[in-house]
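Commentary on secondary and tertiary structure
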Amino acid sequence: MTVHASDKPLTDDEASELPLLFGRVLDGRGGARVVGWKEAQRWKPGVEGEVLWIHLLRTHPGMQEWLEAHCAIPEPTAELLTSDANRPRAFREGQTLVATLRGINFNPGAAPEDMLSLQLWSDGSRVVTLRRAPLQTPRLVADDLDAGSGPHDAGALVTALTEHLIDRMSHAIVDMNAMIDDLEDETADTYTDQTLDKIAMIRRQSLALKRHMSPQHEALTAIANGAPGWFEDHDRREIAESIARLRRYLDDLDISKESAVVLQDDIRARAAANSQRTQYVLAVVAGVFLPLTFITGLLGINVGDIPLAEQGSHGFWIIVGICAAILGVEIALLRRLKWF
């Protein structure tokens, strides 16, 4: 892997040239200083409490070899950290913690269910995170560090990353619930095909988020129960709280999905009822006019001996009176039968 001499902080737009997206050295008091790629490669633990955090582009050429050479990461683990296998998981490897976590995709033009993965490796003094597509969570944690209110050590950094990932999940759920509330406020007359399309989208998103985020529960549990000793008790409590929040969000997803199903069934039931009502009215009208149509059709044939044909204008009004009488009888009969 090519080593560049510049230590200038990098943005995601510069990721095509360097594997380092950004780097920080935690000072142990909630703050951090920026490090560039050159310094990050030669960094070694010095001042007590310092922790190196580098955020890398895992698709950069030679990334797996660099992890093996500079971080002494075993080949299978380095391959996992740079692969597209993004199912959430976590495990302990000696005194190191390895994890793959998922986050909501809030990039422009992306759907929330298009999950993004964040690979993580830490030995307590160094934390390496890797991503493929832009992910906002690491930037949020870096902003906290730059403001002096970030994590103090490697364990706190891991918990901060997981907390932000789960927080972002809540935003997507809130948006879906707000959309459901808006759809429920619509009247039956305003339901359109677009309404059904929105409901179908909510159902797809709920199912996708549930399918993708459920394994994250297992990964966080593995971190809480099996992390190395440098992952302190208060970090485990924070992870346990994140697990509880994740459970609540997964329950909320179930509620969102069920609400969408109920709303969809209600719309379809109302549409079916409207259709049946219309068909019923048409059937009644057709039944009322069927005898009248028969009479007018019978008298309209152009043959001899048609009754009342010799009556002149009186014949027309006689026929109209007969039709009116038949209509009145039919209406009275239908009312008696309570058809309308």
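All of these numbers come straight from a predicted model, not from anything done at the bench. (Residues numbered from 1 in each chain as written. Predicted model: local features only at pLDDT ≥ 70, side-chain atom pairs only at ≥ 80, totals over all residues. Heavy atoms only, no water.)

Observations regarding the overall build of the chain
Threshold: Numbering of helices and strands runs from the N terminus, with a helix taken as a DSSP run of H or I at least four residues long and a strand as a DSSP run of E at least two residues long. Between buried and exposed lies partly exposed: a residue is buried under 20% and exposed over 50% of the maximum accessible area for its type, with that area taken using a 1.4 Å probe on protein chains only. Note on contacts: a residue pair qualifies if any of its non-hydrogen atoms lie within 4.5 Å across the two residues. Exposure was quantified through the Shrake-Rupley algorithm and a 1.4 Å probe, taking into account, for residues, occlusion by the shown protein chains and nothing else.
Along its length, the chain carries 8 helices and 7 strands. For the chain, buried positions account for 41% of its 340 residues. Long-range contacts, defined as pairs at least 24 residues apart, comprise 66% of the intrachain contacts of the chain with a sequence gap of at least 6. Summed over its atoms, the accessible surface of the chain is roughly 17900 Å², and 55% of this surface lies on carbon and sulfur atoms.

A few points about unusual backbone geometry
Positive phi is not limited to glycine here, since Ala 72 has a value of about 55°. When you line up the elements, Ala 72 lands in the loop between α2 (63-70) and α3 (75-82).

Considering the sheet that holds strand β7 (residues 126-131)
Convention followed: Here the rule is simple: two strands pair whenever DSSP picks up at least two bridges between them. Lines fitted to C-alpha atoms define the axes here, with helix axes fitted over just the stretch in contact, and angles between the N-to-C directions of these axes take values from 0 to 180 degrees.
Spatial strand order, β2-β1-β3-β7-β6-β5-β4: 7 strands in an open sheet with mixed pairing. Only two strands of the sheet have a single partner each, and these edge strands are β2 (32-34) and β4 (89-93). Across the sheet, the axes of successive neighbouring strands diverge by a mean angle of 15°, strand direction being ignored. Examined bridge by bridge, strand β5 (residues 96-103) and strand β6 (residues 116-122) share 7 bridges and lie antiparallel to one another. Residue pairing for β6: Leu 101 is matched across the bridge by Leu 118. Against the sheet, α2 makes contact with β3 (51-57) and β7, and its axis sits at roughly 160° relative to β3, the strand it touches most. Along the sheet, helix α4 (residues 136-146) contacts β1 (20-26), β2, β3 and β6; its crossing angle with β1, the most-contacted strand, is approximately 35°.

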